[in-house]
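# Structural overview
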Amino acid sequence: MTKKNILLGFLFSFVFFTGFSQVKISGVVKDENNQSIPFANIVFVGSSIGTVSDENGQFYLESNKTYSQIEVSFMGYENKIIPVKSRDFNLIITLQEAASQLEQVFIYSGKVKKKGNPAIAILEKIWAKKRENGIYLFDQYQYEKYEKLEFDMNNIDSGMIKSKLFKGMEFIFEGIDTSRVTGKAYLPIFINESVYETFGKNKDGKKLREDLVANKNSGFNNNQNVIAFIKDLYVDYNIYDSYIKIFDKSFVSPISKAVGVSTYNYILADSAFIDNKWCFNILYYPRRKGELTFKGDFWVNDSTFAIKEINMQANKSANINWVKDIYIEQEFEVLNDSVFLLKRDYMMSDFSLNKKDKSKGLYGKRTTMYKDYIFNEKKPDAFYNEEINVYNKNIYTKTDDYWGANRHEKLNENEIGIYKMLDTLATVPKFKRIYNLVSILGSGYIEFNKFDYGDVFSTFGKNDVEGWRLRAGGRTYLGGNEPWRLQGYTAYGFKDDKFKYGISGKWMLNPKSRFTVGLGNRRDVEQIGVSLTTTNDVMGRSFASSSLFSSGDNSKLTSINLSNFFLSIEPRNNLNFKIGASYRTLESASPETFNLDYWVDKQNNIKKAELAQSEIDFTVIYTPNRKTIGYGVERNEVTDVYSTLFLNYSKGIKGIFNSDFDYQKVQFYYRQPLLIGGLGRMFTTFEVGKTFGEVPLGLLNVVPGNQSYFTIENTYSLLDYYEFVTDTYASLHVEHNFNGKFLSRIPLLRKLNLREIVGIKGVWGEISDKNMALNASSIENYVAPTKGYYEYSVGIGNIFKVFRIDFSWRGNYRDVPNANNFAIKGAFGFHF
């Protein structure tokens, strides 16, 4: 299950806080015709505290200080000052059109003209100066960073408080807090605090090193999936970049030089002193609906043209799932007259099953603060390359006195109360049941003290050989950071009346280098040949081994008995070296319909049905920018947006344990995700490999077909199993998701938030005459794609937020017998 499933699990199960501000107001801005005015500016009179109304003219604003008036303005309308109370909700503010000002303010049809706009003149100076501000001015830099992550249930109301669901847990509602951004009541359920020492260099190749100094958790302290999900929500971004990448999406930055002016309307709204620096205030809002954009304002210094403060709130009509609101604030401090440095970064996201205002959901918040900047204190390249991803118990056991002295901002009373409240909540049986249900949805495992049962999603299966298949398994689990783990399963097929099993163990002997030893054994029925790049993973089983949702013949299954031993080490973060030895036997699981036979002596008509093979292998895996959480033998990934480079050399050795063949095999795999600005995301996968020596079908490289009804990554949608067999191959897959770039501009389709997907896949391969001559299998004549096979597809994604449908066409080899020249396949998934 993905981390998105964890979010949806929480959205379906509810848990719940209110603080005090001096002034809280909300309402809607309208014109004289009772039409809402989007992107109107609302500010407390005598302050720079304000907000911008959303697409429907609605707004919420609060302050810890006492104010008695607000000023509401929008270009082309008379400014309006109205009195407000400390709690003034559901205000209806009507603005009158100022016809005499229309030429001055460059308004037409709600859009601001670009020519002669003083706000754009200021933007041009920002673009010219952006490289001259901040840490990019210095060869090397370092600073201390404090990060606070929080997870809250929101939209708490009396109906929820009185619900039977919370009977026995009423104490949790004693300190409900209120969001200063949305005005909604919420309950914190998780908080994570960290202190880092960060070092970086800009000259002679950019480098960054971040050392974790202290970490403190509350709430779901031991659930690594939850912690990984929350950390995955918040990646670093730079407002000066053209695009701000959030939730795998590229939002157009309001400071973007490339596309900012064509995406946003800009208005010079005010000017004032901020921290003794004269600054201009620029209001911005999107020109079109349905795009990945923000609304808000920013303050910019009048001499350095550096951003002093900025707030950004995502367009509610943006094509993004499960997220109702995104709000970002950044504050910069003045180092001297020419250098502005990031001081505080705050981001809040409102996750919900839909975007209705009253729908229940979750807040995910990140507050990051920076201080103690030091510049040009030189450190050698070896310092940046030093391994830092190691476990130090002292990091996680800092005292309360330490946190009191090292937090960059104090926790409020409700945040302090999270630690105590959640310790109490964890003892409530009803809460434990809710928590366990969510945990099962997220991980697929049911927790029993130091043992987890699962994976529950693999309990049932079906194929033509086993019939219905029942599986039960589990793993040791000592909190998620243990240096060793055992796992295993057993399965039974009701048609073949046979038991299968798998068992494996691994032990990390050195946490610093992650030196690990592992071994295992598996006896099972599997569809081999569904991946060009293969591994000796004992516990892995291919998707095609079950025909629950497959088309065509699913009887080409193989009985496999695989034993494996390996040693691995990670000398540098995300660089893994692995050496292993394996022994396997392969034979057909259904000799009546399929076999893997090969000739031992063709002249005397001697065949062999079972293959026995000993093999040693050496593997290098490099995953730059991969982020993980935890320090045990198995870690959780924070994000899956990283490159993967895989290189494997295998040597088959004849004679050891009656092994049948001598051969050598080389395989290379490269996967690269790319966010291409406002054009969406592209995934490219390249594979190449060659087998040297004579080997039978069970050891050759079969081009992976896909006989299921679903779209499966790195397979060919229009190929059957074993349609192409090679010993030398090169494969390229390219898929691009435009994230609704074009469909969002079609009025009738805009509200559906559909997403366009295009793809092309190609493979070239050949098979040697010697391997052809060795073949005595039921695949009588091997066919290799010597002319290069390709297929292409067009798809629509985000149907009902969870489904995509793909239409695929075969580009060539269309006239071969029983060829599938067209297919419609689908896929389910939770994606932002």
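Scroll up to find the structure.
Description of the structure in this document. (Residues numbered from 1 in each chain as written. Predicted model: local features only at pLDDT ≥ 70, side-chain atom pairs only at ≥ 80, totals over all residues. Heavy atoms only, no water.)

### Points about the overall build of the chain
Assigned secondary structure in the chain consists of 11 helices and 46 strands. A globule of 832 residues ought to have a C-alpha radius of gyration of about 28 Å, and the chain, at 30 Å, matches this closely. The C-alpha extent of the chain, read off along each of the three principal axes, is 100 × 60 × 60 Å. Among the 832 residues that make up the chain, the fraction classed as buried is 55%. By element, 54% of the accessible surface of the chain is carried by carbon and sulfur atoms, the whole surface being about 37800 Å². (Helix = DSSP H or I, 4+ residues; strand = E, 2+ residues; numbered from the N terminus. Rg over C-alpha atoms; globule rule 2.2 N^0.38 Å. Buried < 20%, exposed > 50% of the residue type's maximum accessible area, 1.4 Å probe, protein only. Areas by Shrake-Rupley, 256 points an atom, 1.4 Å probe, with all protein chains shown as cover.)

### Observations concerning the pattern of salt bridges
All told, the structure shown has 31 salt bridges when counted by the stated rule. Here lysine 371 ties to glutamate 144 by a salt bridge, and the two come within 4.0 Å at their closest N and O atoms. In this pair, lysine 371 is assigned in strand β22 (residues 361-375) and glutamate 144 in strand β10 (residues 140-154), connecting sequence segments 227 residues apart. Under the relative-accessibility criterion, lysine 371 is labelled partly exposed at 32%. Salt-bridge contacts for arginine 745 lead to glutamate 291; the nearest nitrogen and oxygen are separated by 3.1 Å. In this pair, arginine 745 sits in the loop between β42 (728-737) and α10 (747-750) while glutamate 291 sits in the loop between β17 (277-286) and β18 (294-301), placing the two residues 454 residues apart along the sequence. Among the charged side chains, a network of salt bridges with common partners joins Glu466, Arg469, Asp496, Lys500 and Asp524. (Salt bridge = Lys/Arg side-chain N within 4 Å of Asp/Glu carboxyl O.)

### Here we look at the sheet that holds strand β4 (residues 58-63)
The pairing of strands in a sheet comes from backbone hydrogen bonds and takes either a parallel or an antiparallel form. Taken together, 3 strands build an open sheet; the order of strands is β4-β1-β7 and the sheet is mixed. Here the strands that pair on one side only, and so sit at the sheet edges, are β4 and β7 (87-94). Neighbouring strand axes in the sheet, compared pairwise and without regard to direction, differ in orientation by 20° on average. In this sheet, β4 lies alongside strand β1 (residues 23-30) in antiparallel orientation, the contact comprising 6 bridges. (Pairing = 2+ DSSP bridges. Axes fitted to C-alpha atoms, helices over the stretch in contact; angles between N-to-C directions.)

### Describing the packing of aromatic side chains
Going through the model one piece at a time under the given rule, you end up with 35 aromatic pairs. Ring centres 5.8 Å apart and planes at 70° place the aromatic pair tyrosine 583 and phenylalanine 657 in the edge-to-face group. Placement of the pair is tyrosine 583 in strand β31 (residues 575-588) and phenylalanine 657 in the loop between β37 (644-653) and β38 (663-675), with a sequence separation of 74 residues. Pairwise contacts between aromatic rings join Phe138, Tyr141, Tyr143, Tyr370, Tyr373 and Phe375 into one cluster. Just above the ring of phenylalanine 566 sits the side chain of lysine 578; from NZ or CZ to the centre is 4.4 Å. Directly above the aromatic system of phenylalanine 692 lies the positively charged group of lysine 690, at a separation of 5.3 Å from the ring centroid. (Phe/Tyr/Trp six-rings, centres within 6.5 Å; stacked < 30°, edge-to-face > 60°. Lys NZ or Arg CZ within 6 Å of the ring centre and 35° of its normal.)

### A look at helix α9 (residues 429-443)
An ideal rise of 1.5 Å per residue puts 21 Å on 15 residues; α9 measures up with 21 Å between its terminal C-alpha atoms. Every buried residue belonging to α9 is among Phe431, Ile434, Tyr435, Val438, Ser439, Gly442 and Ser443, and all of these are buried. Along the axis of α9, the buried residues cluster in a sector spanning 150°; they form a single face. Exposed and oriented more than 90 degrees from the buried face of α9 are Pro429 and Arg433. (Expected span 1.5 Å × (residues − 1). Arc of directions from axis to C-beta.)

### A few points about empty space enclosed by the protein
Of the volumes computed, that of the largest cavity is approximately 40 Å³. In terms of lining, the largest cavity is formed by Gly290, Ser317, Asn319, Leu743, Ser744, Leu749, Arg750, Asn753 and Leu754. Per-class residue counts for the lining of the largest cavity are 3 nonpolar, 5 polar and 1 charged. (1 Å grid on protein atoms, 1.4 Å probe; cavity = no way out; pocket = protein on both sides within 12 Å on 5 of 7 lines; lining within 4 Å. Points joined across faces, edges and corners; volume = space filled by probe spheres on them. Nonpolar A, V, L, I, M, F, W, Y, C, P; charged D, E, K, R; others polar.)

### Quick word on helix α8 (residues 413-425)
The end-to-end C-alpha separation of α8 is 18 Å, in line with the 18 Å expected for 13 residues at 1.5 Å each. By the largest-angle criterion, tyrosine 419 marks the main kink of α8, which is about 35°. Every buried residue of α8 is listed here: Asn414, Glu415, Ile418, Tyr419, Met421, Leu422 and Leu425. (Bend = angle between axes of the 7 residues up to and from the residue.)

### Let's talk about a nonpolar patch on the surface
Together, Leu519, Phe565, Leu567, Ile579, Phe618, Leu647, Tyr649, Val666 and Phe692 make up an exposed nonpolar region whose accessible area comes to about 790 Å². If you list the elements that add at least two residues to the nonpolar patch, you get β30 (558-572) and β37. Residue placement: isoleucine 579 occurs in strand β31. Residue classification places isoleucine 579 among the partly exposed residues on the basis of a relative accessible area of 48%. (Patch = residues over 30% accessible without salt bridge, like charges linked within 9 Å, V, L, I, M, F, W, Y side chains within 5 Å.)

### Some details on the environment of aspartate 275
With respect to the helices, strands and loops of the structure, aspartate 275 is situated in the loop between β16 (264-274) and β17. Looking at aspartate 275, the relative accessible area reads 56%, which means it is exposed. It is 8.7 Å that separates the C-alpha atoms of aspartate 275 and glutamate 333, two residues lying 58 residues apart in sequence. Within the structure, aspartate 275 has its side chain in polar contact with the side chain of lysine 308 (distance 2.8 Å). (Polar contact = N/O pair within 3.5 Å; in protein donor to acceptor, adjacent residues only side chain to side chain.)

### Let's talk about unusual backbone geometry
The omega torsion across glycine 454 and aspartate 455 is 0°, close enough to zero to call that bond cis. Position of aspartate 455 relative to the elements: it lies in the loop between β24 (451-454) and β25 (460-463). Even without a glycine there, the phi angle at aspartate 275 is positive, about 50°. Positive phi, close to 70°, is recorded for asparagine 574, a residue that is not glycine. Position of asparagine 574 among the secondary structure elements: in the loop between β30 and β31. The buried category is assigned to asparagine 574, whose relative accessible area is 8%.

### Topic: the pairing of strand β39 (residues 681-692)
In the sheet, β38 pairs with β39 via 12 bridges, with the strands oriented antiparallel. Counted as the bridge partner of leucine 674 is methionine 682 from β39. Hairpin remark: β38 followed by β39, antiparallel, with 5 residues in the connecting loop; positive phi at glycine 677, about 50°. As judged from the 10 bridges shared by β39 and β42, these two strands associate in the antiparallel manner. Paired with arginine 681 across the strands is asparagine 737, a residue of β42.

### With respect to the nonpolar core
In terms of nonpolar packing, the biggest core is built from 81 residues, with Ile126, Tyr266, Phe294, Phe298, Ile307 and Ile326 touching the most fellow members. Residue contacts for phenylalanine 298: discarding those within four places in its chain leaves Leu123, Ile126, Ile255, Tyr266, Phe280, Asn281, Ile282, Tyr284, Ile307, Glu309 and Ile310. (Core = buried A, V, L, I, M, F, W, Y, C linked by side-chain atoms within 4.5 Å. Contact = heavy atoms within 4.5 Å.)

### Description of the environment of asparagine 354
Its location among the elements puts asparagine 354 in the loop between β21 (339-352) and β22. Using a relative accessible area of 29% as the deciding quantity, one classes asparagine 354 as partly exposed. Residues asparagine 354 and tryptophan 322, spaced 32 residues apart in sequence, show a C-alpha to C-alpha distance of 6.4 Å. With residues near it in sequence (within four places) discarded, asparagine 354 still touches Lys324, Ser359 and Lys801.

### Side note on the sheet that holds strand β2 (residues 41-44)
Pairing in this open sheet of 4 strands is antiparallel, and the strands run β3-β2-β5-β6 from one edge to the other. What marks the edges here is a single partner per strand, and that holds for β3 (50-52) and β6 (80-83). Here the average twist between neighbouring strands, direction ignored, is 20°. As judged from the 3 bridges shared by β2 and β3, these two strands associate in the antiparallel manner. Within β3, the position partnered with asparagine 41 by the bridge is valine 52.

Function cannot be read off these values alone, since they describe shape.
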